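# Chains, contacts and geometry: an overview
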Amino acid sequence: MGRRYGWVRRVAAATALTATVGLGGLPVAASASGAAAAAVVAPAGVVVPVAWGRGPGGGGSWTGPGSADGSGTAAGTTSTAVDSDPATDAESTGVVLVDTELGDEGAAGAGTGIVLTADGEVLTNYHVVEGATAIRVTVASTGRSYPAEVVGHSAVADVALLRLDRASGLTTAALDDDALAVGDAVTAVGNAGGTGTLTAADGTVTALDASITTAAEGSVASEELTGLVETDADVVPGDSGGPLLDAEGEVVGLDTAASSGGEIDGYAVPVEDALAVVEQITSGRASATVQVGASPFLGVQVTDTATGYPGAAWGWGRGTLAATAGGASVVGVVAGSPAEAAGLAAGDTITAVDGDAVASAADLSSALEGRAVGDRVAVTWTGADGTTRTAEVTLAASPTA
């Protein structure tokens, strides 16, 4: 099984020299191979991941804090010296390590989380747990481990709420309620490099309304994240979902992304924005941008008609690649799934959901976003023989987060 500790998403950048990448799980000690390990050379304005991930057996490698040379160097990237120290007891309070299994991709991953309640509600990035078939959370201060499930998430905000099984008496993180300002001192805490040991990177706030655009990576869609806190703290892969602390040791943000290159810029979701998503999840108010409970499951492996390749996007009806006008091509159907029951098969092209046109795999993902398990949708597709069919499909619960 490949190791995806802190896998890193590609992100469009303002220039070809500086770009932003996500920080969930990334693979360790694996050769650059498989669908995810394409070319190291990227188009202008797009950075390759700091390390590869999400393919069978992983791919790529990361040398970071706690590794053999501690250089923080990723395969195919410029060496970057990471300025961080072991987290103190105070900085570790209410922080957890998040380990995931991605059984459908033959990989594993790791990230970080923040304890919100004594009975086991944990905040993290959605990209840390997306696609997970199993999640285990370890409390950094005690070493105690719990299985976890995703209570709800927002892909748009890159926020997920986890619930730990049979947890009680957990120490929670202190959440900030003061206004943050440019120039404020901050510390990014996280499971840097996926080593299972928390580190802390000091910095200052450099912007309060930063925007970044991620590129598609495996089954994870390209996303635009806005309103982020930008810092010069050395946030690295594995830190995703960890707390950005202010000078008082209170959580002001959720570490989410960082730039590549010689100078690292970190990005965090403001804690008030993350908590707004959590409140919506706990109140049971699903919307087009917030999923409560399990994601709906169609059961197709899809890719874009003109640009994809088999195995590129195990999206379960949520896969993505660059948009084309050809529809979402089905390259695989999960046995026993709603798609199989409806008669969908490899070689078909999905062209509409409930009468709304589907021009790409991303469109299919969008069409299912916000739907609930048990919802019925009309799926229209063109068969390999050129015939067009429409069938009513009842969405099941996704076997992955």
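The structure displayed is predicted, hence computed values, not measured ones.

How each quantity is defined
Residues numbered from 1 in each chain as written. Predicted model: local features only at pLDDT ≥ 70, side-chain atom pairs only at ≥ 80, totals over all residues. Heavy atoms only, no water. Buried < 20%, exposed > 50% of the residue type's maximum accessible area, 1.4 Å probe, protein only. Helix = DSSP H or I, 4+ residues; strand = E, 2+ residues; numbered from the N terminus. Pairing = 2+ DSSP bridges. Arc of directions from axis to C-beta. Contact = heavy atoms within 4.5 Å. Expected span 1.5 Å × (residues − 1). Core = buried A, V, L, I, M, F, W, Y, C linked by side-chain atoms within 4.5 Å. pLDDT = per-residue confidence, 0-100. Salt bridge = Lys/Arg side-chain N within 4 Å of Asp/Glu carboxyl O.

## Considerations on the pairing of strand β25 (residues 376-382)
- Most of β25 is tucked away: five of the seven residues are buried.
- In the sheet, strand β23 (residues 349-353) pairs with β25 via four bridges, with the strands oriented antiparallel. If you follow Thr349 over to β25, its bridge partner there is Thr382.
- Connecting β25 to the antiparallel partner strand β26 (residues 388-394) that follows it, the hairpin turn spans five residues, and Gly386 within it adopts a positive phi of roughly 95 degrees.

## Notes on helix α5 (residues 361-368)
- When we look at burial in α5, the residues that qualify are Ala361, Leu364, Ser365 and Leu368. Down the axis of α5, the sector holding all buried residues measures 100 degrees, keeping them to one side.
- Looking at the buried positions of α5, the neighbouring elements they touch are β20 (296-297), β21 (300-304), β22 (328-333) and β23.
- Two residues or fewer past α5, Gly370 is found with a positive phi of approximately 85 degrees.

## Some remarks on helix α3 (residues 271-282)
- Look at α3: 16 Å from first C-alpha to last across 12 residues, which is about the 16 Å you get at 1.5 Å a residue.
- The set of residues buried in α3 consists of Val271, Ala274, Val277, Val278, Gln280 and Ile281.
- The elements touched by buried residues of α3 are β9 (121-124), β11 (145-154), β12 (159-164), β17 (251-259), β18 (266-270) and β19 (291-292).
- One or two residues past the end of α3 sits Gly284, with phi positive at roughly 80 degrees.

## Comments concerning the pairing of β23
- Burial runs high along β23: four of the five residues are buried.
- Here β22 pairs with β23 via two bridges, running antiparallel. Pairing of Ser329 across the sheet is with Thr349, part of β23.
- Relative to strand β24 (residues 356-357), β23 runs antiparallel, the two sharing two bridges. Bridge pairing links Val353 to Asp356 in β24.
- Taking the residues that link successive antiparallel strands as the turn, the β23-β24 hairpin has two residues, and the phi of Asp354 there is positive, at about 55 degrees.

## Re the nonpolar core
- Judged by nonpolar contacts, the single largest core of 29 residues is most densely connected at Ile114, Leu123, Val159 and Leu228.
- Put simply, the parts of the chain that give this core at least two residues each are β7 (95-102), β12, β14 (199-214), β15 (224-231), β17, β18 and α3.
- It is α3 that contributes the most residues to this core, five residues altogether.
- Look past the residues within four positions of Leu228 in its chain and what remains in contact with it is Ala207, Leu208, Asp209, Ala210, Ile212, Tyr267, Ala268, Val269 and Pro270.

## Topic: the environment of Gly327
- Its place among the elements puts Gly327 in the loop between β21 and β22.
- Residues Gly327 and Ala361 lie 34 residues apart in sequence; the distance between their C-alpha atoms is 6.9 Å.

## A short note on the environment of Val271
- Mapped onto the secondary structure, Val271 falls in helix α3.
- Residues Val271 and Leu175 lie 96 residues apart in sequence; the distance between their C-alpha atoms is 7.7 Å.
- When near neighbours in sequence (up to four residues on either side) are disregarded, Val271 contacts Leu175, Asp176, Val251, Val252 and Gly253.

## Remarks on the confidence of the model for the protein
- Confidence along the protein averages 76 in pLDDT terms, with 71% of residues attaining 70 or more.
- Low confidence marks residues 1-79, where pLDDT is under 50. Its contacts with residues over four positions away, or in another chain, come to 243 contacts.

## Description of the pattern of salt bridges
- Counting across every chain of the model gives four salt bridges.
- When the shortest N-O distance is used, the salt bridge between Glu121 and Arg163 registers 3.9 Å. Of this pair, Glu121 sits in strand β9 while Arg163 sits in strand β12, placing them 42 residues apart in sequence.
- With a relative accessible area of 36%, Arg163 lands in the partly exposed category.
- As a salt-bridge pair, Arg371 and Asp354 come within 3.0 Å of each other at their nearest N and O atoms.

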